[in-house]
Structures are given as structure tokens and as C-alpha cells.
Amino acid sequence: MSALVFMTLGVLFLLYTGNRDADAARARVTGAWDRVVPLIRQGYLPPVLPSGKGVAIQVLDNRGHAVAATENLTGKPPIATFHAASESVHVERVLCPPAGLTGCMTVTSYKVYQPDGPWLLYVAVPKGPWYGSTTGLVLAIAVPLLLTAMTTAGAFYLVNRDMNAVDAIRTKLAEINASALDRRVPVAGDDQKELKLLAETVNCTLNRLEDAYKQLRQFTSDASHDLRSPLTAMRAQLEEALLHPPDADWPKMTTAVLAGVDRLQAIVTDLLTLARLDAHAPLALRPTDLGRLVGAELDRRTYRTTIVRSLQPDVIINSDRLRITRLLVNLVDNAERHANSQITVSVRADGETAVLEVLDDGAGIDPEHREIVFDRFTRLTASRDRDAGGTGLGLAIAREVAEAHHGTLTIQDSERGARFVLRLGLSRATDQAVRAPD
Ligand SMILES: Nc1ncnc2c1ncn2[C@@H]1O[C@H](COP(=O)(O)OP(=O)(O)O)[C@@H](O)[C@H]1O
Ligand SMILES: [Mg+2]
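Everything numeric here is computed off the predicted structure, so don't read it as measured data.

### With respect to the nonpolar core
Judged by nonpolar contacts, the single largest core of 42 residues is most densely connected at Leu290, Val294, Leu327, Leu356 and Phe420. Among the elements that make up this core, the one with the highest residue count is helix H6 (residues 321-338) (six residues). The residues that make up this core include at least three from each of domain 2 (179-281) and domain 3 (286-432). The residues touching Leu290, leaving out its near neighbours within four places in the chain, are Val315, Ile317, Ile324, Val347, Ala354 and Leu356. Listed in part, the 18 residues of the second largest apolar core include Val29, Leu49, Tyr110 and Val123.

### Concerning the sheet that holds strand S10 (residues 342-350)
As summarised here, the arrangement of the five strands in space is S8-S10-S11-S13-S12, forming an open sheet in which the pairing is mixed. Edge strands, defined here as strands with exactly one partner in the open sheet, are strand S8 (306-311) and strand S12 (408-412). Taken over all neighbouring pairs, the strand axes of this sheet differ in orientation by 15 degrees on average, direction set aside. Two elements, S10 and strand S11 (residues 353-360), share eight bridges in a ladder whose sense is antiparallel. Each residue of the ladder has a partner; that of Val345, found in S11, is Val358. Packed on one face of the sheet, helix H8 (residues 394-404) meets S12 and strand S13 (419-425) and runs near 130 degrees to S12.

### Brief notes about the packing of helix H1 (residues 2-42) against helix H2 (residues 134-175)
Two elements in contact, H1 and H2, have axes separated by 9 Å at closest approach and are oriented at 165 degrees. When the interaxial angle is binned, H1 and H2 end up roughly antiparallel. Once H1 is placed against H2, the crossing between them reads as right-handed. Between H1 and H2, the contacting residues are Ser2, Ala3, Phe6, Met7, Gly10, Phe13 and Leu14 on the first element and Gly136, Leu137, Leu139, Ala140, Pro144, Leu145, Leu147, Thr148 and Thr151 on the second.

### Let's talk about the sheet that holds strand S2 (residues 56-60)
The strand order S1-S3-S2-S6-S5-S4 describes an open sheet built from six strands, whose pairing is mixed. If you trace the sheet from one side to the other, it starts and ends with strand S1 (48-49) and strand S4 (91-95), each paired once. Where S2 and strand S6 (residues 117-126) come together, five bridges link them in antiparallel fashion. Bridge pairing links Leu60 to Leu120 in S6. Along the sheet, H1 contacts S1, S2, strand S5 (105-114) and S6; its crossing angle with S6, the most-contacted strand, is approximately 150 degrees.

What counts as what
Residues numbered from 1 in each chain as written. Chains lettered and ligands numbered in written order. Predicted model: local features only at pLDDT ≥ 70, side-chain atom pairs only at ≥ 80, totals over all residues. Heavy atoms only, no water. Core = buried A, V, L, I, M, F, W, Y, C linked by side-chain atoms within 4.5 Å. Buried < 20%, exposed > 50% of the residue type's maximum accessible area, 1.4 Å probe, protein only. Helix = DSSP H or I, 4+ residues; strand = E, 2+ residues; numbered from the N terminus. Domains from an automatic or database assignment. Contact = heavy atoms within 4.5 Å. Pairing = 2+ DSSP bridges. Axes fitted to C-alpha atoms, helices over the stretch in contact; angles between N-to-C directions. Parallel < 35°, antiparallel > 145°, perpendicular 65-115°, else oblique. Left-handed = near helix turned anticlockwise from the far one by under 90°.

Dropping the structure here:
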């Protein structure tokens, strides 16, 4: 493309110089006419005319004899035979060569009327090529060629440099695997803006992948540990009973092993729930009256603590009832475990948001632990002592459920005890509300 532009400019340059040279030649011819014609008219015509630069002049009298000429034509026959048809007209022809001269020349013939008849004035100037001078031609070819070569070399350099950077990124990416997740691709300099952005984006993605992978590894190790503890305990109990079968207290041992099985079952169920939430399995969303749903769930079970309800009706959300119930049960179970005597469960609408709060009157959760309790397998020391049966997955599941519903679940300040707050967008299809199951 640039080669085409440079070549066009070259041709335009040649046309320009060619035209300029033709104009100069025409000026020389007119100059000769101006000088010689007065001499003819006044009768002072010397036989040898002063020769101008690059101009050959010859004057023929009425009989066609050369009477005056520039030095190179002195004593030579007429250089041409053509002449203008009338006084005002001059004729121009290219002769290759005119008689007595060499090379192609543009010969202009003027008729000069004298008392004894028409005289002829021939002025010959070298016929230049259309492109002007050879230097011009060389320049017009060489400059575009040089510019094209320079542009191509520049483009080649840039492409080559970018390709090298892309190749460096590719090589580094190819080296990255699960055991070398901490590697990053090289970031190009500011002069390769797009590649720099690409490398930075790749590195950000790698950072996120590494974090996710570390979390997954931690989770797998925590899960294995939590599954192994009850298994070890159950195995020890069974082996001990088998050591002295007659002396073993089989009902007691069976009850203990069953407790272990219950725990394993609880962990596996929670893990399965989390796996489904992680896989973003589609929710069975239906318009639900949140107050009714909570009321029905609280009615279903008996609690050792007093449950105070404050359930506003007609707070309609789009929810997967099973999952929201699971979230509620997890919160209420926790509250019951930590409460002294009372739990307050409330549902209300706050602008465009439905708010569910579960508040207990226990020891509460310190602000610095209010986020980590939502991490998988996190159990604060106090609760380990209080109840060895927890999985540490309840709040993680509850938060995943909230987020799957595009809502939030957080722990807020309270005068006493822990205050869990779930916020979900209200459903606009209020009129489609379906009664919560009893
Ligand atoms: N209502 C609460 N009051 C005080 N601490 C709580 C409460 N709810 C949860 N926690 C703390 O958060 C931790 C994580 O809770 P959770 O994920 O439900 O696990 P689990 O109940 O199996 O211990 C609990 O172990 C406990 O330390
Ligand atoms: Mg729990």
C-alpha cells in the first residue's frame, strides 16, 4: 500500500519536472524569436548569431538560402523544410534529428514577412524526455524504492518485535501447570501497549486461578481431615470391641459408631450441597412469601430456646424454597446452639429489599471473625467446645445460597448476641405470590 503511494508520488514528481523542462525550452524559443526578428526587420542580421544555451537558430531568406545561423549551423543547409501556413501562425515539429544537427529536437518555424518576401526563422531546442532529466528519473525511482524499503523494514521490525513478545507470553503460558501456578508471563514495555495490556490481563487471570486453586486445595485437605477424624474414632471403637468380644458393651459401642456415621453423613451431605451450589445448578425459583415460609419452618420443629417471631406478611421474593429453608435452618441451628434463652427471627421489607434477621442472645461473634466464619470448615474455638458435631460448613452453605439468589448474608452489630442479616431483592410479581407450604 505504502509502495503504491510512494510510486504515485514519484510519477507525479516526474510529470512535474518534465513539464517544467518543457516550459523552460518554450521560453528559450520565444527568447530567440525576440532577439532575432528585430535584427531581420532592421536589416542588421549578422551571418553568425550569438548562440544561446541549448538553442540552434537558422534564418532563411525569401529564396530559402541560409543567411544567418548560430555557430553550430553556420554554412549548413536548411535544418528543415516545413513552415507556417500564415504570418501569425508558427509551426512546431519534432525532428530526429534536424538536418545538420544531432539528437531529437523540437524545431519551431516562424514566418517573418520582409519587403522582398517571407523569410523563415528556425529555432531548434533539444527535445527532452517526458520525465524531464535523467537525475529526476533516478530520483523518482530511487526515493520511492528507498522509502518503501524503509517502511517495510520498519514494519518488519515492529511485527517481529511484537511476535517475539507474543512468543515469550506463549512459552511462559505453556510452562504453567498445577505445580507451577505461581509463574507469570512477561509484561511488555509501554511502547507495546496492547501486548502490555494482554500480558497484564493474563497475569491477573493467573492470579485469580492461583487463588481459586489454593482455596480448592485447602478445602480438599480440610474435607479429608474432617472425614478422617470420625472414621479413625469409629475404627478404634470397633477394634477395641473385637479385641474382647464377650466383655464389649455392644449397645454402647454401636451407639458411638452410629454417632460417627451421623457425623460422616452430615459432612458428606453438606459437601454435596456445596458442590451443587459451586456448580451453579439452576435454582427452582418461585415467588414466595418469605414471612410465611419462615413461619412454616419454625412451626415444623421444636426448639429448646424461646423463638420470638416478627414476620411481616406479603414480603414476596423469587426463591428456591428448599435452599432458602436450608439457609434459615442453618442460621437458626447456630443461634440455638449459641443462645442463652432466646432467638428473634424477623422478616420485613426495606424499600426494594426483603430482610430476614436471625438474632440470638448469646456471646455473639467478634467483628474480626465476622467474615471468616463464612469460610468452609471454619469453626471458632468456643463452638468446638460447645458442640463437637458441627461441620463448619453451615454458614458457607448459607452464604452460597444467598449469593445464588443475588442477595447478601452478613453479620451486623447488635446489642447482644450474633445478628445474621439476609437481604434479597423483592419480587416484582407480587400478585403471583404462591402460598408457602404449611
Ligand atoms: N449464632 C452464633 N453465635 C456465635 N457464633 C456463631 C454463631 N453462628 C455461627 N457461629 C460461629 O461460626 C462458626 C461457623 O458456623 P457454621 O458454618 O454454621 O459451622 P458449625 O455450625 O458447623 O460450627 C461456628 O463454628 C461458630 O464458631
Ligand atoms: Mg452451623
